[in-house]
Amino acid sequence: MTSKVDEALGYEQARDELIEVVRRLEAGGTTLEESLALWERGEELAKVCRRRLEGARARLDAALAEEEAEGEDAADSE
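The structure displayed is predicted, hence computed values, not measured ones. (Residues numbered from 1 in each chain as written. Predicted model: local features only at pLDDT ≥ 70, side-chain atom pairs only at ≥ 80, totals over all residues. Heavy atoms only, no water.)

Draft legend 1. Representation of the pattern of salt bridges in the model. Per the stated rule, a full pass over the model turns up 5 salt bridges. Measuring nitrogen to oxygen at the nearest pair gives 2.5 Å for the salt bridge that ties R23 to E20. Placement of both R23 and E20 in helix α2 (residues 11-27) is noted, with a separation of 3 residues, approximately one turn of the helix. (Salt bridge = Lys/Arg side-chain N within 4 Å of Asp/Glu carboxyl O. Helix = DSSP H or I, 4+ residues; strand = E, 2+ residues; numbered from the N terminus.)

Listed below in C-alpha cells is the structure:
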C-alpha cells in the first residue's frame, strides 16, 4: 500500500528515487533483506509514478475533449 508520504511525492522525485533504487539493486553487494526492502520500495515508487502519469493523461484527455467540444460548438453556431 502506498503511503501518504509517497503520494505527496512529485513524479520527478519518485522517478529519481526509483532510479537510485534500481542502481543500487543492479550494483549488488546488498544483503537479501536489503535487496527485498529496495525491491519493495521500488514497487511503491513505480506505483506513484504510474498514478502521476495516469493523472496527467486524464487531464490531457479532458483538455483535448473540451477543446474539441468548443470547436464543435463554434462550428454549429456558424
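Draft legend 2. Main features of the packing of α2 against helix α3 (residues 32-76). At a minimum axis distance of 9 Å, the contact between α2 and α3 shows a crossing angle of 150°. One finds that α2 runs roughly antiparallel with respect to α3. Considering how the two elements wind past one another, α2 and α3 form a crossing that is left-handed. Residues Y11, A14, R15, E17, L18, V21, R24 and L25 of α2 form the contact with α3, whose participating residues are S35, L38, W39, R41, G42, L45, A46, V48, C49, R52 and L53. (Axes fitted to C-alpha atoms, helices over the stretch in contact; angles between N-to-C directions. Parallel < 35°, antiparallel > 145°, perpendicular 65-115°, else oblique. Left-handed = near helix turned anticlockwise from the far one by under 90°. Contact = heavy atoms within 4.5 Å.)

Draft legend 3. Up close: α2. Taking 1.5 Å of rise per residue, the 17 residues of α2 would be expected to cover 24 Å, and the 24 Å separating its terminal C-alpha atoms lies within 8% of that figure. Of the residues trailing α2, G28 is marked for its positive phi of about 75°. (Expected span 1.5 Å × (residues − 1).)

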